[in-house]
Amino acid sequence: MSAGWEPRPWADTDAGEFRPPLDVPAPGRQRRWTVFLRWLLLVPQFVVVAVLSVAAFFVTVVGWFAALVLGRLPDPIHSFLGDVLAYQTRVTASATLLVDRYPPFAFDAPDHPVRIELRQTPLNRLAVLFRIVLMIPAAIVSGLAQSGWFAIGWIFWLVTLVLGRLPGPVFAATAAVVRYRMRFTAYTTMLTPVYPKGVFGDEPAPAAQQPVSGTRPLVLGTAAKVLVWVFLILGLAGQITNGAVSRGDDEPYDDRLTGQVRSADG
């Protein structure tokens, strides 16, 4: 199954396992005015994505019960969740400055440069039953990487605004985060039985094999891999800081309560 486009042949398998690929053109020139207003222009898209995400949650719940019985997702559910994932990925790619083109308000976007490929395959019922537990490690990695990117995303925004393009290592590291998030969502919504992988990119393709796009294969250089580590570390630091702040906010409240109790007893 493809998400709004015709799949192109590519040996993107790992020991016979197909992980949904992400196709994004190689980094090119971007219009500075669209970069400057990027996140403001995408506000309507964020609203649509939020609404679609709520709908996808309830459809996923229905699909989970269906997959337990049938061993696969019913075609209408698979199609809807795949369309939503493709839509979300196009918006995310634009928000993270991977592409300059504005995502359309449509599920079917065959001309848009950001594409994903999904294949409907049988699902292991036991893995479906425990999916919410199995997905926890990937959820942590995805969450930390995204949080870390957004912590310094404004720096990438400034660089792109000045240069008129996203530097190669930043593009590769960002694409790795976006692709991992897409694969994680595909796994949690049972669009694929294969566990997400590739946050640090792919192995180089054989010399005889031509790349399909700027992200297939997604080969990260040393600088890009260092950036991914920075995203993960910043995401972890943010979680630790938020936890410390939350505990700090609770302590004065507890102290005030203790003081009030002591005053009443006194």
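In what follows, the structure referred to is the one given above.
It should be emphasised that the depicted structure is a prediction, and the values quoted were computed from it without experimental measurement.

(A) Representation of the packing of aromatic side chains. Using the criterion set out here, one finds 12 aromatic pairs in the structure. When the ring of Phe-80 is compared with that of Phe-107, the centres are 6.2 Å apart and the planes differ by 85 degrees; the resulting orientation is edge-to-face. On the criterion of sequence distance, the pair formed by Phe-80 in helix α4 (residues 75–95) and Phe-107 in the loop between α4 and β5 (115–117) is long-range, its members being 27 residues apart. Relative to Trp-229, the ring of Phe-200 lies with its centre 5.1 Å away and its plane at 40 degrees, an arrangement referred to as tilted. Pair noted here: Phe-200 is in the loop between α8 (168–188) and α9 (222–265) and Trp-229 is in helix α9, with a separation of 29 residues, a long-range link. Residue classification places Trp-229 among the partly exposed positions, given a relative accessible area of 49%.

(B) Inspection of empty space enclosed by the protein at higher detail. Per the counting criterion, the structure on display carries three cavities of 30 Å³ or more. By volume, the largest cavity amounts to about 70 Å³. Of all the secondary structure elements, the ones that give two or more residues to the lining of the largest cavity are α7 (136–163) and α8. Considering every element that reaches the lining of the largest cavity, the biggest residue donor is α8, with four residues. Partitioned by chemical class, the residues of the lining of the largest cavity number four nonpolar, four polar and one charged. Counted as a void, the second largest cavity has a volume near 60 Å³. In terms of lining, the second largest cavity is formed by Leu-85, Gln-88, Thr-89, Thr-92, Val-178, Arg-181, Met-182 and Thr-185. The set of elements that each furnish at least two residues to the lining of the second largest cavity consists of α4 and α8. Of the residues contributing to the lining of the second largest cavity, the split by class is three nonpolar, four polar and one charged.

Conventions used here
Residues numbered from 1 in each chain as written. Predicted model: local features only at pLDDT ≥ 70, side-chain atom pairs only at ≥ 80, totals over all residues. Heavy atoms only, no water. Phe/Tyr/Trp six-rings, centres within 6.5 Å; stacked < 30°, edge-to-face > 60°. Helix = DSSP H or I, 4+ residues; strand = E, 2+ residues; numbered from the N terminus. Buried < 20%, exposed > 50% of the residue type's maximum accessible area, 1.4 Å probe, protein only. 1 Å grid on protein atoms, 1.4 Å probe; cavity = no way out; pocket = protein on both sides within 12 Å on 5 of 7 lines; lining within 4 Å. Points joined across faces, edges and corners; volume = space filled by probe spheres on them. Nonpolar A, V, L, I, M, F, W, Y, C, P; charged D, E, K, R; others polar.

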